[in-house]
Amino acid sequence: SQTIHQWPATLVQPVGSPLSLECTVEGTSNPNLYWYRQAAGRGLQLLFYSVGIGQISSEVPQNLSASRPQDRQFILSSKKLLLSDSGFYLCAWSVHGGRNEQYFGPGTRLTVT
Amino acid sequence: GQQLNQSPQSMFIQEGEDVSMNCTSSSIFNTWLWYKQDPGEGPVLLIALYKAGELTSNGRLTAQFGITRKDSFLNISASIPSDVGIYFCAGQLSGGSNYKLTFGKGTLLTVNP
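All values reported here derive from a predicted model rather than from experimental measurement.

Participant: Lay out the interface of chain A and chain B with the relevant residues and their values.
Facilitator: Across the contact, 20 residues belong to chain A and 24 residues belong to chain B. For the pairing of chain A and chain B, the buried interface totals around 1800 Å² over both sides, and the portion due to carbon and sulfur atoms is 58%. Linking chain A to chain B there are 1 salt bridge. For K100 of chain B, the salt bridge is made with E59 of chain A, and the minimal N-O distance between the two is 3.0 Å. Inspection of the chain A/chain B interface yields 7 residue pairs in polar contact (both at pLDDT 80 or more). Of the residues in the side of chain A that touches chain B, the class split is 11 nonpolar, 5 polar and 4 charged.

Participant: Any details on the layout of surface pockets? Residues and values, ideally.
Facilitator: There is about 180 Å³ of room inside the second largest pocket. The wall of the second largest pocket is formed by 14 residues, among which Q38 and R109 of chain A together with Q37, G40 and I86 of chain B lie closest to the centre. Across the lining of the second largest pocket, the residue classes tally to 7 nonpolar, 4 polar and 3 charged.

Participant: Lay out the environment of G91 of chain B in plain terms, naming residues and giving numbers.
Facilitator: Residues and elements named next belong to chain B. Within the secondary structure, G91 is located in strand 9 (residues 85-93). Linking G91 and W34, residues 57 residues apart in sequence, is a C-alpha distance of 8.8 Å. If sequence neighbours within four positions are ignored, G91 has contacts with L4, F29, T31, W32, K100, L101 and T102.

Participant: An account of unusual backbone geometry is requested, with residue identities and associated values reported.
Facilitator: The peptide bond linking W7 of chain A to P8 of chain A adopts the cis configuration, its omega dihedral lying at 0°. A positive phi angle, close to 50°, is found at N30 of chain A, a residue other than glycine. Tracing the sequence through the fold places N30 of chain A in the loop between strand 3 (19-26) and strand 4 (32-38). Judged by relative accessible area, which is 30%, N30 of chain A ranks as partly exposed. Although it is not a glycine, A78 of chain B adopts a positive phi angle of roughly 45°. With respect to the element layout, A78 of chain B can be found in the loop between strand 8 (71-76) and strand 9. With relative accessibility at 36%, the residue A78 of chain B sits in the partly exposed group.

Conventions adopted
- Residues numbered from 1 in each chain as written.
- Chains lettered and ligands numbered in written order.
- Predicted model: local features only at pLDDT ≥ 70, side-chain atom pairs only at ≥ 80, totals over all residues.
- Heavy atoms only, no water.
- Contact = heavy atoms within 4.5 Å.
- Buried area = accessible area lost by both parts, 1.4 Å probe.
- Salt bridge = Lys/Arg side-chain N within 4 Å of Asp/Glu carboxyl O.
- Polar contact = N/O pair within 3.5 Å; in protein donor to acceptor, adjacent residues only side chain to side chain.
- Nonpolar A, V, L, I, M, F, W, Y, C, P; charged D, E, K, R; others polar.
- 1 Å grid on protein atoms, 1.4 Å probe; cavity = no way out; pocket = protein on both sides within 12 Å on 5 of 7 lines; lining within 4 Å.
- Points joined across faces, edges and corners; volume = space filled by probe spheres on them.
- Helix = DSSP H or I, 4+ residues; strand = E, 2+ residues; numbered from the N terminus.
- Buried < 20%, exposed > 50% of the residue type's maximum accessible area, 1.4 Å probe, protein only.

So this is what it looks like as structure tokens:
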């Protein structure tokens, strides 16, 4: 069966510091991968998605970037965090070429102080 | 962007009661998904729907793909305390990207024992 991992689970970072959040998927090959941010108001905002190694699509201009160095690894980064980057970050995967059923990881709670 | 109107925003019910929530849009969708999110965790996929008029059950949960393809409903029968959480609908727009989902803002369900 497939499993999706995210780490760290929680992170407190000062404004201006760098960020690296990691997501890995087990039990499947060549998945589509997604990064979402969930603000306190509950809505899920798609930030990036990737359909293959090195292929990244950005949905929202922002202070963040994403990379996919390996088939089942998706990384969310920032060079300098802003207060507005605080939130709950969710990674998800779906079957490449399949139906768009997205399966979410446990999330990372980021607080920028 | 496209919006899904999810209602109600919140519900307070007694254990044993049935629950109904829905999502509507002015746009046509070819996929409807329903998720549940527990506090501090990632959303979990409950039910996926792919055809207009389709009715699918998962235990005490039943969801329907509206015949107009612009809405979907989720019913929970005989609610129990562990049903507490936020329920999200998500849809894939007809003619839209195969990778993007549009999410509703969620229904917060509270069950009083």
